[in-house]
Amino acid sequence: MKIYVDDGSTSIKVKWEESDDKRLAVPTAFKRGWKADFGNSNIVNYDIDGEKYSFDRHDSAALNTSNIEWQYSAANTLAVHHALLQTGIEPQTIDIVVTLPLSEYYDTNKQINKENIQRKKSSLMRRVSNSKETQMFKLDAITVRPESIPAGFEILSEMDTNQSLLIVDIGGTTLDISQISGKMTDVINIYGDPHTGVSLITEEVKNALIEAKTYTSNHMADLFIINRNNHDFFDKNINNPAKIKRVKEAIENANRRLNERVINSIRQFKGYSHVMVIGGGSELISQAIKDFCDVRQDRFLFPLIHNLIWSMAFSLWGKY
Ligand SMILES: Nc1ncnc2c1ncn2[C@@H]1O[C@H](COP(=O)(O)OP(=O)(O)OP(=O)(O)O)[C@@H](O)[C@H]1O
Ligand SMILES: [Mg+2]
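The structure displayed is predicted, hence computed values, not measured ones.

## Description of the packing of aromatic side chains
Centre distance and the angle of the planes are the two values used to describe a pair of aromatic rings.
Reasoning step 1: All chains considered together, the criterion is met by six aromatic pairs.
Reasoning step 2: When the centroid spacing of 5.1 Å and the interplanar angle of 75 degrees are considered together, the rings of F224 and F233 count as edge-to-face. Assigned by exposure class, F224 and F233 land together as buried.
Reasoning step 3: Counting every residue linked through ring pairs, the aromatic cluster contains F30, Y46 and F55.
Reasoning step 4: In this arrangement the basic side chain of R119 is found over the ring face of Y72, its NZ or CZ atom lying 3.9 Å from the centre.

## Remarks on the nonpolar core
Reasoning step 1: Grouped together as the largest cluster of nonpolar side chains are 52 residues, with contacts concentrated most on I3, V5, I12, Y46, L84 and I96.
Reasoning step 2: The dominant element in this core, judged by the number of residues it contributes, is helix α1 (residues 74-85), at eight residues.
Reasoning step 3: Two domains each provide a minimum of three residues to this core, namely domain 1 (2-146) and domain 2 (151-197 + 266-313).
Reasoning step 4: Sequence-distant contacts of Y46, that is, excluding residues within four places in its chain, are made with F30, W34, E51, K52, Y53, L78, H82, L85, V128, S129, N130 and M136.
Reasoning step 5: Counting 37 residues, the second-largest nonpolar core is a separate cluster that includes I177, F233, F234 and V275.

## Some remarks on unusual backbone geometry
Reasoning step 1: Located in the positive-phi region is K213, a residue other than glycine, with phi close to 55 degrees.
Reasoning step 2: Tracing the backbone through its elements, the reader meets K213 in the loop between α5 (199-211) and α6 (218-226).
Reasoning step 3: Of note, D294 is a non-glycine position whose phi angle comes to about 55 degrees, a positive value.
Reasoning step 4: Relative to the assigned elements, D294 resides in the loop between α9 (282-293) and β14 (300-301).

## A word on the UniProt feature "domain: Plasmid segregation protein ParM/StbA N-terminal" (unreviewed entry) in the protein
Reasoning step 1: Residues given the UniProt feature "domain: Plasmid segregation protein ParM/StbA N-terminal" (unreviewed entry) here are residues 1-156.
Reasoning step 2: Along residues 1-156, the helical share is 20% and the strand share 33%, with 28 Å between the first and last C-alpha atoms.

## Some thoughts on the environment of R145
Reasoning step 1: Inspection of the secondary structure assignment puts R145 in strand β9 (residues 138-146).
Reasoning step 2: A residue is classified by how much of its surface remains accessible, and R145, at 22% relative accessible area, is partly exposed.
Reasoning step 3: Here the alpha-carbon distance between R145 and P101, two residues 44 residues apart in the chain, equals 8.8 Å.

## Let's talk about the sheet that holds strand β11 (residues 175-181)
Reasoning step 1: The five strands are arranged β12-β11-β10-β13-β14 in an open sheet whose pairing can be described as mixed. The strands lining the two open edges of the sheet, one partner per strand, are β12 (187-193) and β14.
Reasoning step 2: One ladder, built from seven bridges, connects strand β10 (residues 164-170) with β11; its direction is antiparallel. Directly across from L165, in β11, lies its bridge partner I180.
Reasoning step 3: Sheet strands in contact with helix α8 (residues 244-266) are β10, β11 and β12, and its direction is about 150 degrees off that of β10.
Reasoning step 4: Of the strands in this sheet, β10, β13 (274-278) and β14 are in contact with α9, which crosses β13 at around 165 degrees.

Rules of the game
- Residues numbered from 1 in each chain as written.
- Chains lettered and ligands numbered in written order.
- Predicted model: local features only at pLDDT ≥ 70, side-chain atom pairs only at ≥ 80, totals over all residues.
- Heavy atoms only, no water.
- Phe/Tyr/Trp six-rings, centres within 6.5 Å; stacked < 30°, edge-to-face > 60°.
- Buried < 20%, exposed > 50% of the residue type's maximum accessible area, 1.4 Å probe, protein only.
- Lys NZ or Arg CZ within 6 Å of the ring centre and 35° of its normal.
- Core = buried A, V, L, I, M, F, W, Y, C linked by side-chain atoms within 4.5 Å.
- Helix = DSSP H or I, 4+ residues; strand = E, 2+ residues; numbered from the N terminus.
- Domains from an automatic or database assignment.
- Contact = heavy atoms within 4.5 Å.
- UniProt positions renumbered as here; feature names shortened; annotations may be inferred.
- Pairing = 2+ DSSP bridges.
- Axes fitted to C-alpha atoms, helices over the stretch in contact; angles between N-to-C directions.

Following this line, the structure appears as structure tokens:
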């Protein structure tokens, strides 16, 4: 069986086929040490390289995943195994396809970075066990793909060879931009920024929340960003209501800075006819990209329903 895993720094997206296409996204929220067993069948406590970790979306002591080293870390391997267990598939030996950000997948000469790919494979091959001593998935063949490029396959197959598609993927940690010519004839240009992602906003929100006497995990801080227009959510989850305005302002200001950085990176790309914006941060930046790139209305592709953001990133993976 083959399972497609887009192992992003904030959420692991999994796609597999049963009678139909199945998809799942699981946050990468782990902390050191095991936590108390609730007595149910959920597996949350893991052991890797002789170290204990547990899945915990609420604890502010959760490990920081918004850095590039996370791609090769024990926590990444755990996050992939934890996400696989959430699929409901009987643990077995599987082949998987995983991703690396463009800045890791390619070297500075824009050639495939075989060393990083091998490092990623070796990292994922580590043995993981759990506190209930139940069977875990065993990874057999591991294929590593560049993040974001597969999302464009479907539209690229319909495009003319003279045209090109700009794919902008804004994730939790990284910004990946690629320009690919129609029918996938050429990779015209690629750019990966490992330090520009929604986590720029997450950090600011966490600090503003501390001022509001609210100590949160990255995952919880992300929920404030996702619910930025939902006043009820702020009212329910902020301990000092007088600071709600301050937290909202922190989101707006950090978002403005994020938008500026993304547009500056896009400036180096020229001559594209189509633009596609993907990744969890797309809602935050798509308007600015649309205004800046100024392509024809029907050639600007941005999934309106959030759930489609990551599912699109898988659109034609099955045909690899
Ligand atoms: N509707 C939304 N509005 C704003 N931000 C959102 C929304 N949905 C998700 N996000 C943010 O997007 C980020 C997750 O995006 P995504 O799943 O693409 O990242 P990732 O693939 O895990 O990260 P990376 O590719 O950088 O390793 C989180 O920081 C989350 O807060
Ligand atoms: Mg991603």
